[in-house]
Amino acid sequence: QVQLVESGGGLVQAGGSLRLSCTASGRTFSNYAMAWFRQAPGKERDFVAVVGMSGVLKRYADSVKGRFTISRDSGQNMVYLQMNNLQPEDTAVYYCAADSWKNIATSSTGYGMEYWGKGTLVTVSL
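Reading the values: the criteria
- Starting from 1, residues in each chain are numbered consecutively following that chain's sequence as written.
- For a predicted model such as this one, the threshold for reporting local features is a pLDDT of at least 70, and the threshold for listing and counting side-chain atom pairs is 80 or more; totals across whole chains, interfaces and linings nevertheless cover every residue.
- Computation of side-chain values covers all heavy atoms of the structure but excludes hydrogens and water.
- A 1.4 Å probe rolled over the protein chains alone gives each residue an accessible area, and that area as a share of the maximum for its type sets the label: buried under 20%, exposed over 50%, partly exposed in between.
- Only runs of H or I of at least four residues qualify as helices and only runs of E of at least two qualify as strands under DSSP, and these elements are numbered from the N terminus.
- Pairing between strands is defined by DSSP: at least two bridges between them are needed.
- Cavity means a closed set of points on a 1 Å grid over the protein atoms alone, one where a 1.4 Å probe fits but cannot get out, pocket means an open set with protein on both sides within 12 Å along at least 5 of 7 lines, and lining means a residue has an atom within 4 Å of a point.
- Grid points are joined across faces, edges and corners, and a volume is the space filled by probe spheres set on the points.
- In the scheme used here, Gly and all other residues not listed as nonpolar or charged are polar, with Ala, Val, Leu, Ile, Met, Phe, Trp, Tyr, Cys and Pro taken as nonpolar and Asp, Glu, Lys and Arg as charged.
- Here an axis means a line fitted to C-alpha atoms, over the contact stretch when the element is a helix, while the angle between two N-to-C directions is reported on a 0 to 180 degree scale.
- Only buried residues count toward a nonpolar core. Its members are Ala, Val, Leu, Ile, Met, Phe, Trp, Tyr and Cys residues joined through side-chain atoms within 4.5 Å.
- Contacts: residue pairs with any heavy atoms within 4.5 Å of one another.

**Description of the pairing of strand β5 (residues 46-51)**
Here is step 1 of the chain: Counting buried residues along β5, five of its six residues qualify, which places the element largely inside the surrounding structure.
Here is step 2 of the chain: When strand β4 (residues 33-39) meets β5, the two strands line up antiparallel, connected through five bridges. Bridge assignment links A35 to a residue of β5, and that residue is V50.
Here is step 3 of the chain: Counting the residues in the hairpin turn of β4 and β5 gives six residues, including G42, whose phi is positive at 75°.
Here is step 4 of the chain: Bridge analysis of β5 against strand β6 (residues 58-60) gives three bridges, and the strand direction is antiparallel. Bridge assignment links V50 to a residue of β6, and that residue is R59.
Here is step 5 of the chain: Hairpin connection, β5 to β6: the antiparallel pair is bridged by six residues, and G55 has positive phi, about 85°.

**Side note on the layout of surface pockets**
Here is step 1 of the chain: Space inside the largest pocket adds up to approximately 170 Å³.
Here is step 2 of the chain: Surrounding the largest pocket, R38, Q39, A40, K43, E44, D46, F47, S63, R67, E89 and D90 form its lining.
Here is step 3 of the chain: Among the elements of the structure, β4 and β5 are those that each provide at least two residues to the lining of the largest pocket.
Here is step 4 of the chain: Taken together, the residues of the lining of the largest pocket break down into two nonpolar, two polar and seven charged.

**As for the sheet that holds strand β3 (residues 18-25)**
Here is step 1 of the chain: An order of β1-β3-β8-β7 is seen for the four strands of this open sheet, with the pairing classed as antiparallel. The sheet is open, and its two borders are formed by β1 (3-7) and β7 (68-73), each paired with just one other strand. The mean angle between the axes of side-by-side strands here comes to 15°, regardless of whether they run parallel or antiparallel.
Here is step 2 of the chain: Here β7 pairs with strand β8 (residues 78-83) via six bridges, running antiparallel. Its bridge partner being in β8, R72 is matched across the sheet by V79.

**A few points about the nonpolar core**
Here is step 1 of the chain: If you look at the biggest cluster of nonpolar residues, it comprises 38 residues, and the most contacted ones within it are L4, W36, L81, M83 and Y94.
Here is step 2 of the chain: Secondary-structure elements contributing two or more residues to this core are β3, β4, β5, β7, β8, β9 (92-99) and β11 (120-125).
Here is step 3 of the chain: If near-sequence neighbours (up to four positions away) are discounted, M83 is found in contact with G16, S17, L18, L20, R67, F68, Y94 and V122.

Pasting the structure below:
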């Protein structure tokens with residue numbers, strides 16, 4: 001049925017860039033905010049970025065502000081995360097999620113989101 005599938009993770013050197021993609025299927029997500037969360041080794045899942053239904057309103061975690069850009073293509077039912085100037089502390093499994101803006105904005109860990117992907121691993125080396 002409904003699926004969110006992430007892709008684009010991999011191994012990069014510090015200072016490099018990656019673009020993550022999340023492909024949604026099974027329903028339209030035009031009425032959902034879309035978000036990225038990440039879980040680093042030994043840590044809880046943390047909020048990274050969120051984009052509203054229209055693709056205009058965006059918010060970012062302080063740790064990625066100015067380096068990461070979230071965007072969405074409603075026609076393709078996809079959401080993206082452009083990650084620039086990656087650092088070792090960005091190493092994590094990255095998950096896309098869909099829910100209301102309110103639920104995403106009030107959740108620090110992302111637990112309880114209506115829809116989740118399985119994640120894609122990003123590893124940043126020195």
